[in-house]
Amino acid sequence: MYLYILRHAETEWNVEDRIQGRMDSPITKKGYAEIARMRQTLASIPLDVCYTSDLTRAKRTAQNLINTKNLPIIEIEALRELPLGSWEGALFKEVRDDPLFEVYFQRPDEFQLPGKENFHDLYRHIEEFIRMLERCDHKHVLIVAHGVSIRALLNVLEGIPVRQFWHRPVARNMGLSIAKYDGASWLVLRRADKKDGLSY
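Here's what I pulled together on the structure shown here. Computed from a predicted model, the values in this text were never measured in an experiment.

What counts, and at which threshold
- Residues numbered from 1 in each chain as written.
- Predicted model: local features only at pLDDT ≥ 70, side-chain atom pairs only at ≥ 80, totals over all residues.
- Heavy atoms only, no water.
- Helix = DSSP H or I, 4+ residues; strand = E, 2+ residues; numbered from the N terminus.
- Rg over C-alpha atoms; globule rule 2.2 N^0.38 Å.
- Buried < 20%, exposed > 50% of the residue type's maximum accessible area, 1.4 Å probe, protein only.
- Contact = heavy atoms within 4.5 Å.
- Areas by Shrake-Rupley, 256 points an atom, 1.4 Å probe, with all protein chains shown as cover.
- Lys, Arg positive; Asp, Glu negative; His and termini not counted.
- Charge placed at Lys NZ, Arg CZ, Asp CG, Glu CD.
- Salt bridge = Lys/Arg side-chain N within 4 Å of Asp/Glu carboxyl O.
- Polar contact = N/O pair within 3.5 Å; in protein donor to acceptor, adjacent residues only side chain to side chain.
- Pairing = 2+ DSSP bridges.

On to the overall build of the chain, then. If you tally the helices and strands in the chain, you get 7 helices and 6 strands. Across the chain, helices and strands are ordered from the amino to the carboxyl terminus as β-α-α-β-α-β-α-α-α-β-α-β-β. Relative to the 2.2 N^0.38 estimate, which gives 16 Å for 200 residues, the radius of gyration of the chain is 16 Å and therefore close to what a compact globule would have. Counting only C-alpha atoms, the chain reaches 45 × 40 × 30 Å along its principal axes. Considering the chain as a whole, with its 200 residues, one finds that 55% of them fall into the buried category. For the chain, the share of sequence-separated contacts (at least 6 apart) that also reach a separation of at least 24 residues comes to 70%. Of the roughly 9400 Å² of accessible surface on the chain, a fraction of 47% belongs to carbon and sulfur atoms. Counting 29 positive and 28 negative side-chain charges, the chain places the centres of these two groups 6 Å from one another.

Another aspect to go through is the side chain of glutamate 81. With respect to the secondary-structure elements, glutamate 81 resides in the loop between strand 3 (73-75) and helix 4 (92-95). No salt bridge is formed by the buried glutamate 81. Its closest oppositely charged neighbour is arginine 57, at 4.5 Å. A polar contact is formed between the side chain of glutamate 81 and the backbone nitrogen of valine 148, at a distance of 3.2 Å.

Two faces belong to every sheet, and in a regular strand the side chains alternate between them. Buried residues dominate strand 1 (residues 2-7), accounting for 5 of its 6 residues. Judged from the 6 bridges that link them, strand 1 and strand 4 (residues 140-145) form a sheet pairing that is parallel. Note on strand 4: the bridge partner recorded for tyrosine 4 is leucine 142. Of the strand pairs in this sheet, strand 1 and strand 5 (residues 176-181) are connected by 5 bridges, and their pairing is antiparallel. Its bridge partner lying in strand 5, tyrosine 4 is registered against isoleucine 178.

Right under this line is the structure:
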């Protein structure tokens, strides 16, 4: 089984360097152009199914990617972005003085917003999703998700613990990562990491 893992297309808040979390903003003109280019990249791959986050920016990306294919799109809550409470909608530079910002990036295993899911919860949901995939007979699976949920997905596949969550930056918008399952273990074949790990 091959996983073709895509971060959603560029949004207005990505351009503005705003934190999105569970909130959404529209895909940009550049984002739609990137989707069109990626559609050509994926054209020769016999995809069996598309799993997408249920957040609008990911769903729109998935729908536009496969709008000419008769391919099922399945929304998966496990692929959502981590909820970030009052940070959502704020510029990254506006929250950098919050003591929790340092915890978020330096000690993610300790990060917790009251009543919100944390990185440990994200790992657990992602692992359940991976175990489900392992029971399927799909050969080629498209996944459309978010910077943090993709980072979690790749970390879980490679056995990277929560405390080392940020050992690599998040994927760039419309960046394609690829992983392979041989029936016993996973191997990440390609990553689409950004250079800057402090915003996404």
